[in-house]
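A closer look at the structure
The chain contents come next:
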Amino acid sequence: MARLEYSKKVLEHFTNPRNVGEMKDADSVGTVGNPVCGDMMELSIKVTDDRIADIRFRTFGCASAIATTSMLTEIVKGKTLKEAEELKWDDVVSNLDGLPPVKVHCSLLAVEGLKIALYNYYKKRGIDRPDLAPKETEAEHVHSDEGPSCV
Amino acid sequence: MARLEYSKKVLEHFTNPRNVGEMKDADSVGTVGNPVCGDMMELSIKVTDDRIADIRFRTFGCASAIATTSMLTEIVKGKTLKEAEELKWDDVVSNLDGLPPVKVHCSLLAVEGLKIALYNYYKKRGIDRPDLAPKETEAEHVHSDEGPSCV
Amino acid sequence: MNRVYMDSTTAMPVRPEVLEVMLPYFTVHYGNPSSIHEDGKMPRMAMDDARGHVAGLIGASPEEVVFTSGATESINLALKGALYAGREGRKGIVITAVDHRAVTATAASMERKGYFLRELAVDHYGKARLDSAMDLLTKDISILSVPFASGEVGTHQPLKELASLAHDVGALVHVDLTMSALMEPFDVRSFDIDLATLSSADLMGPRGVGALYVRKGVRIEHLLSGGGHERGLRSGSENVPGIVGMGEASRIARERMGTDPPMVLSLRDGLISGLTQIEDSYLNGHPTDRLPQNANIRFQYIEGESMLLLLDLNGISVASGSACAQKNLEPSKTLISMGLKHEEAHGSLQFSLSPYTTKADTGRVLDVMPGIVEELRKLSPLTGR
Amino acid sequence: MNRVYMDSTTAMPVRPEVLEVMLPYFTVHYGNPSSIHEDGKMPRMAMDDARGHVAGLIGASPEEVVFTSGATESINLALKGALYAGREGRKGIVITAVDHRAVTATAASMERKGYFLRELAVDHYGKARLDSAMDLLTKDISILSVPFASGEVGTHQPLKELASLAHDVGALVHVDLTMSALMEPFDVRSFDIDLATLSSADLMGPRGVGALYVRKGVRIEHLLSGGGHERGLRSGSENVPGIVGMGEASRIARERMGTDPPMVLSLRDGLISGLTQIEDSYLNGHPTDRLPQNANIRFQYIEGESMLLLLDLNGISVASGSACAQKNLEPSKTLISMGLKHEEAHGSLQFSLSPYTTKADTGRVLDVMPGIVEELRKLSPLTGR
Ligand SMILES: Cc1ncc(COP(=O)(O)O)c(C=O)c1O
Ligand SMILES: Cc1ncc(COP(=O)(O)O)c(C=O)c1O
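Residues numbered from 1 in each chain as written. Chains lettered and ligands numbered in written order. Predicted model: local features only at pLDDT ≥ 70, side-chain atom pairs only at ≥ 80, totals over all residues. Heavy atoms only, no water.

1. Details of helix H14 (residues 359–379) of chain D
Stated precisely, the cut-off is as follows: To qualify as a helix, a DSSP run of H or I must reach at least 4 residues; to qualify as a strand, a run of E must reach at least 2; elements of each kind are numbered from the N terminus. One less than the residue count of a helix, multiplied by 1.5 Å, gives the span that helix is expected to have. What is called the bend at a residue is the angle between a pair of axes, fitted to the seven residues leading up to and ending at it and to the seven starting from it.
Here H14(D) contains 21 residues, and its C-alpha end-to-end distance of 31 Å stays within 8% of the 30 Å for a straight helix at 1.5 Å per residue. The sharpest bend along H14(D) measures roughly 30° and falls at D:Val368, with the proline D:Pro370 sitting one to four residues further on.

Right, here's the structure in full:
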């Protein structure tokens, strides 16, 4: 694969992203990233019987961010929460037949967004899951004097 | 005229040099230059009634050296000694329609050779003509430790 | 259906009539121009002609034109050459915030070698500010480098004023003509310029060739040592076919200066007015004082690489200032220095036209773009926030 | 009558089949290889292929090949890049007395910047002397540069031995393959080389392109700053048609390595034996351990430019080491360093053949040369002294 080329699967998910949109009656929403850093994502889940019954996303980011999130929603839809918690970046990207190396960075948010949605879901139910907690994100630095420090 | 190009006249004299060779019964011979410096020339003259009745040359040097000397022999043949003494480099080179600038250097020997032939001619007759005398040439340095210092 | 190429800032085709003129110099007149024999003659004459054409395009004398391998080399030669020549111990270089990376990276590399670097601020159109120039141009500046216009957002620079301020403190002035030479007449004398960079590829000539104008009397150090070609300023056997091509491209550019640019400008203006009718879409750079071929538009809430790819799938080639479209994943420095937010830089696309652009091309873009923006905005969590 | 071209060291034609492969990249696949859109794809793939072919010619990996604008730039990048990278404070550069001016001038320019320069002595064949290498290669040497063979007299250099001596003191080894790559197989690994210069033009590819092999792990500083192309070692938009041409030329050179060189060698040997039958005419350089395409002959008592011009008028192109044939009017440094007297260097002609040379060509030279020598000797005051 040449430097800047996406696999067919990435292009397919980018041009026909699955599970796009807001979810009015979501059980939990995870948002991650920051527009100032060029990447932002929002993941909404509906949970039934400890399974992800439905999932929706919206992404401000490049094609690989969109495709990775789309693929992720396809993978976890119908899975148990436990299975979803264990999802790894590798699983998503290998299902996309890989990503150009420079684009790996942009694909990391998807899995993080899912974790945060799960964290928020448990939290609402009084369960603390620090292992799923959002990392201190760049968003918190936005208003510092030095301007945003995106990672 | 492009950088390295000779005029038609130069090429014509170079390919058909006039008055080439040694002269068995020369009245005087001038040699100038040094093979070590890449340029050497020998000019023989025969004088009758204070005129250059005949002239011959041999040159070790580039095309412009050969052509300039050839043209010089044509100009001075039949001229009085006085006229020959007054010959300038300009006169020769303008008759050749000029020389490429880098080749000017190689054309200077011709006039010098003529002067030396005339100097030697007068000297044989007991006349000192320091104005025609050979300059201290590079030849005198050939055996110095630093090797030849050509100008 | 033919593709629509709107990325002329990134690459342009060679004019077929230019290629035609080059061809014999590859296989027939392949001699070295320095050769004394017959085979050196045609290449030498062709190179002399080419030098004349390049000089003619910018009002220079042929002896003031040094052929190089392209704009990047010309810029390196101008800036490093001036600093290394060490004029009266001057150690400073001033560039603008909207320079190409060939300039910024060259200046930065000299900073690492002990020279100092200052950058002119620009206004929100991307035009260098004269008050900034007055502050930064001091007596220890060796050279000021400024593009004729920002290649990215197209805004013209106040070149005459900057050149005069630089000369007031004894600094040299280098102008990067890479992006403007095809579409804007230029004259080194009337702008009072010391060094000027030209790129063959951006004149619709072959790649791998460029030129540096070096005003008579201006002393710079060479970068490439060797056989002493180009008056010692650029060694290496001359790329004769390339130089011939650049010459012909310059000749044609000059000949068509009155016809191509107005046509391109009119198509470009149609494109700008059509694209900015899309909701929340704005022109970057100056509305009128700009390169005729450039339209840089930002579409709020969405990201440039995504737009670029969807346009690509629709057969349209453009460039983007988005970080995601850059090798270094940083958003366009030009856009940021103009005061755009990162997310706005992210949403910017650069449409660059050429003399080959047609009304059908701009029409296709105007047909396709609204739908793409709409689709991506549906995906965006920022839309309507 | 066709001319006879025997000046392949100075310039060579591009193979028509190489030009053919280049053509679409001027006008059709003109995109920038860095472009994300469709128009970047063909140029990118073609560049990758070309890099593979160039690497294949010298046994390198593609990632070890850096494309440049030619041999002169490659040499400058190798030598200046190594010195500027400042390995453990090493400040010295060692070259040979038979290097091309691209090497000697580069080294001299670094001497002016505070580095030091040493030159390996050569024997009377023009081969670098190992005893000289043992003396000059000390622990403060950063880099040794050596040609695979002297381009001028053709003598092979003791590369393996020199590389091993250089590595013993921790110096890098750069080899200039410009003149040998077309005619002699080479493998960077078996010669244990760190940096190697290749020139497209001398492979019968287009001018204005070259390559530098940089062994994995070897650190050099870049010369041209900018967009960070070629892994940061050589910025500037890639000359895709040129690179494609160099790739194809390399591929063909490798394919024909078993057929072209022996043919050329046999014609060359015929030429040498014919020319040295002329009275007082001798071969310069080693009789057998030499480049297959090179015959460097000195004709006593006469001067090279004159011979060159008379050959030219007879339709034959050659080069000369005579001072009169040089821009700087100095005799060939290579010939002088081999112990020839100035007047002998003056009388030297360089006949360089190519895969296009025919038996008829060498025949024409052998027909014409004796008469020319005779004519000029008649004119010479040295004859028979
Ligand atoms: C304004 C400007 N200057 C310099 C360059 C560098 O040109 P190149 O990469 O052809 O050397 C570019 C490249 O597009 C440019 O746009
Ligand atoms: C041995 C050698 N090295 C380097 C060069 C420089 O090549 P170029 O002038 O093509 O850059 C030459 C030129 O003929 C050469 O013969």
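2. Some remarks on the interface of chain D and chain C
Condition: Here, two residues are considered to be in contact whenever any of their heavy atoms come within 4.5 Å of each other. The quantity reported as buried area is the accessible area (1.4 Å probe) lost by two parts once they are put together, taken as the sum for both. The term salt bridge refers to a pairing of a side-chain nitrogen on Lys or Arg with a carboxyl oxygen on Asp or Glu at a separation within 4 Å. Identification of polar contacts relies on pairs of N or O atoms within 3.5 Å, with a donor-acceptor requirement for protein atoms, meaning one able to donate a hydrogen and the other able to accept it, and with residues adjacent in sequence counted only if both atoms are side-chain atoms.
On the chain C side, the residues contacting the 64 residues of chain D number 65 residues. For the pair chain D and chain C, the summed buried surface comes to about 4800 Å²; carbon and sulfur atoms form 58% of the total. Where chain D packs against chain C, one counts four salt bridges. Among the salt bridges present, the one from D:Arg3 reaches C:Asp39, with a minimum N-O distance of 3.4 Å. Counting the contacts that link chain D with chain C gives 32 residue pairs in polar contact (both at pLDDT 80 or more). If you list the elements that add at least two residues to the side of chain D that touches chain C, you get helix H1 (16–22), helix H2 (24–27), helix H4 (71–85), helix H5 (101–111), helix H9 (240–255) and helix H11 (304–313) of chain D.

3. Topic: the pattern of salt bridges
Two side chains carrying opposite charge are able to pair once their charged atoms lie near each other. Which entries qualify depends on this criterion: Buried means the residue's accessible area, taken with a 1.4 Å probe over protein chains only, is under 20% of the maximum for its type, while exposed means over 50%, and partly exposed covers the values in between.
For the structure on display, the rule yields 62 salt bridges over all chains. For the salt bridge of B:Asp54 with B:Arg56, the shortest nitrogen-to-oxygen distance reads 3.3 Å. Look at B:Arg56 and you get partly exposed, because its relative accessible area is 23%. Ionic pairing is found between D:Glu375 and D:Lys378, a salt bridge with its closest N-O pair at 3.1 Å. Placement of both D:Glu375 and D:Lys378 in helix H14 is noted, with a separation of three residues, approximately one turn of the helix. Ionic contacts of the salt-bridge type, sharing partners, join the residues A:Glu5, D:Lys41 and D:Arg44 into one network.

4. Describing the nonpolar core
Here is the rule we go by: Residues belong to a common nonpolar core when they are buried Ala, Val, Leu, Ile, Met, Phe, Trp, Tyr or Cys residues joined through side-chain atoms within 4.5 Å.
Ranked by internal contacts, the top residues of the largest apolar core, which has 265 residues, are C:Phe299, C:Phe351, D:Phe299 and D:Phe351. When residues no more than four places from it in sequence are discounted, the contact partners of D:Phe299 are D:Leu275, D:Ile278, D:Asp280, D:Ser281, D:Met307, D:Gly347, D:Leu349, D:Phe351, D:Met369, D:Val373 and D:Arg377. In this structure, C:Leu77, C:Leu223, D:Ile143 and D:Leu223 belong to the second largest nonpolar core, which totals 50 residues.

5. Some points on the site of ligand 2
Heads up, the condition is: We call a residue near a given molecule or strand whenever any one of its heavy atoms falls within 4 Å of it. The protein chains shown are the only cover counted for residues, whose accessible areas, like all others here, come from Shrake-Rupley with a 1.4 Å probe. Classes in brief: Ala, Val, Leu, Ile, Met, Phe, Trp, Tyr, Cys and Pro nonpolar; Asp, Glu, Lys and Arg charged; the others, Gly included, polar.
As a structural note, the neighbourhood of ligand 2 is formed by C:Gly236, C:Ser237, D:Thr9, D:Ala71, D:Thr72, D:Ile75, D:His100, D:Asp176, D:Thr178 and D:Met179. Neighbouring residues of ligand 2 are distributed over chains C and D. Taking C:Ser237, its side chain carries an N or O atom lying 2.7 Å from an oxygen atom of ligand 2. A distance of 2.6 Å separates an oxygen atom of ligand 2 from a polar side-chain atom of D:Thr72. Calculation on ligand 2 without its partners gives an accessible area of 390 Å², and the protein chains cover 90% of this total. Top element by residues in the shell around ligand 2 is H4(D). It accounts for three residues. A class-by-class count of the residues in the shell around ligand 2 yields three nonpolar, six polar and one charged.

6. With respect to the packing of aromatic side chains
To keep it simple, the criterion reads: Any pair of Phe, Tyr and Trp rings, taking the six-membered ring for Trp, is counted once the centres come within 6.5 Å. Such a pair is stacked with planes under 30 degrees apart, edge-to-face with planes over 60 apart, and tilted for the rest.
Applying the stated criterion across every chain, the model contains 13 aromatic pairs over all chains. Look at B:Tyr121 and B:Tyr122: their rings are 5.9 Å apart centre to centre, the planes differ by 70°, and that puts the pair in the edge-to-face class. Neither residue differs from the other here; B:Tyr121 and B:Tyr122 are each classed as buried. Considering the side-chain rings of C:Tyr5 and D:Tyr30, the 5.0 Å spacing of their centres and the 85° angle between planes classify their relative orientation as edge-to-face. With C:Tyr5 in strand S1 (residues 4–5) and D:Tyr30 in the loop between H2 and helix H3 (41–58), the pair connects residues from two separate chains.

7. Focus: the site of ligand 1
If you check the shell around ligand 1, you find C:Thr9, C:Ala71, C:Thr72, C:Ile75, C:His100, C:Asp176, C:Thr178, C:Met179, D:Gly236 and D:Ser237 and nothing else. At 2.7 Å, a side-chain N or O of D:Ser237 approaches an oxygen atom of ligand 1. For ligand 1, the protein covers 89% of the area, taking 390 Å² as the surface of the free molecule. Among the elements that line the shell around ligand 1, the one with the most residues is helix H4 (residues 71–85) of chain C, at three residues. Here the residues of the shell around ligand 1 sort into three nonpolar, six polar and one charged.

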